[in-house]
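# Structure at a glance
Single-letter residue listing:
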Amino acid sequence: MLLASAMFALMGAFVKLSSEHGASLAQVVLLRGLPSVVFLLVWANIHHYSIAPKRWKPHVLRNLAGVSSMWLGFYALSQLPLATATSLSYTAPLFIAVFLMVSDGKSRDWLRMLAVLLGFVGVLAVLRPSIGPQQLAAAGAGLASGALAAIAMLQIRQLGREGEAEWRTVLFFSCAVCLSSGIGLGITGWGETDWQGWLMLLGVGSSGLVGQLAMTRAFGSGAALLTAALQYTTIIFSALTGMALWQDTPDAMAWAGMIGIIAAGLLSAWRTMVESRQAQAKAAAEAAAMAAAASASQGADQALLQDVPAIETEPGAPAARVSSS
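Described in the following lines is the structure provided in the data block. (Residues numbered from 1 in each chain as written. Predicted model: local features only at pLDDT ≥ 70, side-chain atom pairs only at ≥ 80, totals over all residues. Heavy atoms only, no water.)

## A closer look at the pattern of salt bridges
If you walk through the whole model with that rule in mind, you get 2 salt bridges. In this structure, the salt-bridge partner of Glu162 is Arg55, at a minimum N-O distance of 2.7 Å. Within this pair, whereas Glu162 is found in the loop between helix 7 (136-161) and helix 8 (166-188), its partner Arg55 is found in the loop between helix 2 (25-46) and helix 3 (57-79), the two being separated by 107 residues in sequence. The class for Arg55 is partly exposed, based on a relative accessible area of 40%. (Salt bridge = Lys/Arg side-chain N within 4 Å of Asp/Glu carboxyl O. Helix = DSSP H or I, 4+ residues; strand = E, 2+ residues; numbered from the N terminus. Buried < 20%, exposed > 50% of the residue type's maximum accessible area, 1.4 Å probe, protein only.)

Here you go:
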């Protein structure tokens, strides 16, 4: 997960650098999705895997939210300090907590409310020293990116419950990213960038692909809470990268805000995981109780049959009949 976090921080730096060298936002989005499409199609062909999804609707909802989140997030990266834009994109767990509290009364516990409050206080602390009035639109785009990413995550969870393969979800998302970039290029044109900009665009694609693969492996094989904790190191890596490349040194309040966002996200993730485990344990207990009741009922039926005396007939005698009267 540390590799994935470092790659995503590096990708954010490449996004910012490519925009500084004249690359359009549509070009950045295209180079983010294209390597994943090529890699996954080749991989699926080698292993003879079908790319047909189980159901289209969850993919459509996930991709609408996810692609919109990517465009808004990349816009924020191009306009804001790297650490600020990255912090805003990692507010998705806070929005998930908000969505759960609104849609499910059982999720309105004090711990989740505390996480949401702490997280958004952290957002205010990050924004206060970092942006000026001319960057408010970019800050709003960053927050909207986090909210849409939360919707996409909820759809990914639904796809996982339906048994959809993770690689297929990533493939269709990457295809949707490329499609959206094609629409963007048709509207804005190809854009002009120098050779350094093209190197930065290639960096966007390669670092994004490595980060995606590393994150998928981490969540598939690692401890869930530890993996969720380590993904927030992207904020730290981004802050250090911004300091090294742009001399964007966060002040004490900005650092405190980042720590607040990280703590709130971890608290929300831990609460969600605890609830999920409790629900699984409850379902398992109910299934065991039903199985025990069925076994007891079957045993009672067998005992009742054993108590009924057998009817014997003498050789050659007619079979006994039970009168219906």
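## Looking at the packing of helix 1 (residues 2-20) against helix 11 (residues 233-246)
Axis angle and axis distance: for two packed helices, these are the angle between their axes and the distance between the axes, and together they describe the pair. Where helix 1 contacts helix 11, the two axes come as close as 8 Å, and the packing angle between them is 40 degrees. By the criterion of interaxial angle, the relationship of helix 1 to helix 11 is oblique. For the element pair helix 1 and helix 11, the recorded crossing hand is right-handed. Judged by residue contacts, Leu2, Ser5, Ala6, Phe8, Ala9, Ala13, Lys16, Leu17 and Glu20 of helix 1 engage Thr233, Thr234, Phe237, Ser238, Thr241, Leu245 and Trp246 from helix 11. Of the residues in the contact of helix 1 with helix 11, the class split is 9 nonpolar, 5 polar and 2 charged. (Axes fitted to C-alpha atoms, helices over the stretch in contact; angles between N-to-C directions. Parallel < 35°, antiparallel > 145°, perpendicular 65-115°, else oblique. Left-handed = near helix turned anticlockwise from the far one by under 90°. Contact = heavy atoms within 4.5 Å. Nonpolar A, V, L, I, M, F, W, Y, C, P; charged D, E, K, R; others polar.)

## Describing unusual backbone geometry
A positive phi is found at His48, a non-glycine position, where the angle reads about 60 degrees. Topologically, His48 is positioned in the loop between helix 2 and helix 3. Its relative accessible area of 71% is what places His48 among the exposed residues. Notably, Gln247 is not glycine yet its phi reads approximately 55 degrees, a positive angle.

## Concerning the side chain of Ser18
Tracing the backbone shows Ser18 in helix 1. According to the relative accessible area criterion, Ser18 is buried, its value standing at 0%. For Ser18, the contacting residues outside a window of four places in its chain are Ala23, Val28, Gly197, Met200 and Leu201.

## Examining the packing of aromatic side chains
Summed over the entire model, instances satisfying the criterion amount to 8 aromatic pairs. Between Phe95 and Phe99, the ring centres sit 6.5 Å apart and the planes meet at 35 degrees, which makes this aromatic pair tilted. Here Phe95 and its partner Phe99 are both found in helix 5 (residues 92-103), 4 residues apart, which amounts to about one turn of the helix. Within the aromatic cluster, the residues linked to one another by ring pairs are Trp43, Tyr49 and Trp167. When the ring centre of Trp246 is taken as reference, the NZ or CZ atom of Lys16 above it lies at 5.8 Å. (Phe/Tyr/Trp six-rings, centres within 6.5 Å; stacked < 30°, edge-to-face > 60°. Lys NZ or Arg CZ within 6 Å of the ring centre and 35° of its normal.)

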